[in-house]
Amino acid sequence: MQSAFNIHEELLKNKIHLKQDALRITEYAVSSPKHFKELMKCFLSNEYRLAQRAAWSVSWAAEQKPELIKPYIKDLVDVLERKDVHNAVIRNSVRVLQKIEIPEALHGELMNSCFRFIESPSTPIAIKVFSLTTLHNLSAYYPEIKPELKLLIEELWPHETAAFKSRGRKILQQMEKGKRK
């Protein structure tokens, strides 16, 4: 890729943001911490459309090179409290957070956000599902949240989607296995 590649411009260049565009931006962003920082600046921007379009690339970049996301974990947790961002920003933040080690200082804030997402009927299903996994991961450090998580899954079960039920079922099974150890 040419050195004149500008992530901000690339994200807003086309009327429709296609998967191939997001992948191209991801490839560029993971090529150096400096480029990744540029992508994160777009992702954390107050510019609604820019942040939305950066979300996909941030998620893929974090999967490809998890070490690049480490300096931004607090930013990902903080963005969960924002009401002025596109759901894609929240969704991709929780998607990343469910797969990485979270510093202990952020556990409480993250758990509060995840429980709030799951309990709210207006939360998009992907955010709920990623929140379930994040809470289940954190329950390894805080076993006292397991009963609350279990109760929440069981209470919401009749009213939720197949995706929620599938993830909930897996988590409940893992909790049961954990009891038998």
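The structure presented is a predicted model; accordingly, all values stated were derived computationally and were not measured.

Draft legend 1. Representation of the side chain of His86 within the structure. Positionally, His86 belongs in the loop between helix 6 (73-79) and helix 7 (87-97). Polar side-chain contacts of His86 include one of 3.1 Å to the side chain of Gln52. For His86, the side chain forms a polar contact with the main-chain nitrogen of Ala88, separated by 2.9 Å. The contacts of His86, once residues within four sequence positions are left out, are Tyr48 and Gln52.

Draft legend 2. Structural view of the packing of aromatic side chains. Evaluation of the coordinates by the stated rule reveals four aromatic pairs. A centroid spacing of 4.3 Å and a plane angle of 45° characterise the contact between Phe5 and Tyr28, whose relative ring orientation is tilted. Of this pair, Phe5 sits in the segment before helix 1 (7-12) while Tyr28 sits in helix 2 (residues 19-29), and the two are 23 residues apart along the sequence. Note on Phe5: relative accessible area 6%, which makes it buried. Where Tyr141 meets Tyr142, the ring centres are 6.5 Å apart and the plane angle is 50°; that geometry is what we call tilted.

Draft legend 3. Structural detail: the side chain of Glu160. Within the element layout of this structure, Glu160 appears in the loop between helix 10 (146-156) and helix 11 (162-180). By relative accessible area, which is 15% here, Glu160 ends up buried. A distance of 2.6 Å separates a polar atom in the side chain of Glu160 from a polar atom in the side chain of Lys128. In contact with Glu160, other than residues within four places in its own chain, are Ile125, Lys128 and Lys165.

Draft legend 4. Spotlight on the packing of helix 3 (residues 33-43) against helix 4 (residues 48-64). Helix 4 packs onto helix 3 with a crossing angle of 140° between their chain directions and a minimal axis gap of 7 Å. Between helix 3 and helix 4, the crossing angle belongs to the class labelled oblique. Relative to helix 4, the crossing made by helix 3 is left-handed. When helix 3 is examined against helix 4, the residues Phe36, Leu39, Met40, Cys42 and Phe43 are found in contact with a partner set consisting of Leu50, Ala51, Ala54, Ala55, Ser57, Val58 and Ala61. Of the residues that constitute the contact of helix 3 with helix 4, the class distribution is eleven nonpolar, one polar and no charged.

Draft legend 5. A look at helix 2. Of the positions making up helix 2, those classed as buried are Asp21, Ala22, Ile25, Thr26, Tyr28 and Ala29. Within helix 2, the buried residues cover an arc of 165° as seen down the axis, which keeps them to one side. Exposed residues lying more than 90 degrees from the buried face of helix 2 are Gln20 and Glu27. Tucked into the core, helix 2 has its buried residues touching helix 1, helix 3, helix 4 and helix 5 (66-69).

Draft legend 6. How the structure looks around the environment of Arg82. Following the sequence through the fold, Arg82 ends up in the loop between helix 6 and helix 7. Those residues within four positions of Arg82 in sequence are excluded, and the remaining contacts are Leu44, Ser45, Asn46 and Ile90. A polar contact of 2.9 Å, which involves the side chain of Arg82, links it to the side chain of Asn46. Within the structure, the side chain of Arg82 is placed 2.9 Å from the side chain of Asp84, a separation counted as a polar contact.

Draft legend 7. Quick look at helix 4. Between its first and last C-alpha, helix 4 extends 25 Å over 17 residues, near the 24 Å set by a 1.5 Å rise per residue. By the largest-angle criterion, Ala55 marks the main kink of helix 4, which is about 30°. Leu50, Ala51, Arg53, Ala54, Ala55, Ser57, Val58, Ser59, Trp60, Ala61 and Ala62 are the residues of helix 4 that are buried. For helix 4, the elements touching its buried residues are helix 1, helix 2, helix 3, helix 5 and helix 7.

Analysis parameters
- Residues numbered from 1 in each chain as written.
- Predicted model: local features only at pLDDT ≥ 70, side-chain atom pairs only at ≥ 80, totals over all residues.
- Heavy atoms only, no water.
- Helix = DSSP H or I, 4+ residues; strand = E, 2+ residues; numbered from the N terminus.
- Polar contact = N/O pair within 3.5 Å; in protein donor to acceptor, adjacent residues only side chain to side chain.
- Contact = heavy atoms within 4.5 Å.
- Phe/Tyr/Trp six-rings, centres within 6.5 Å; stacked < 30°, edge-to-face > 60°.
- Buried < 20%, exposed > 50% of the residue type's maximum accessible area, 1.4 Å probe, protein only.
- Axes fitted to C-alpha atoms, helices over the stretch in contact; angles between N-to-C directions.
- Parallel < 35°, antiparallel > 145°, perpendicular 65-115°, else oblique.
- Left-handed = near helix turned anticlockwise from the far one by under 90°.
- Nonpolar A, V, L, I, M, F, W, Y, C, P; charged D, E, K, R; others polar.
- Arc of directions from axis to C-beta.
- Expected span 1.5 Å × (residues − 1).
- Bend = angle between axes of the 7 residues up to and from the residue.

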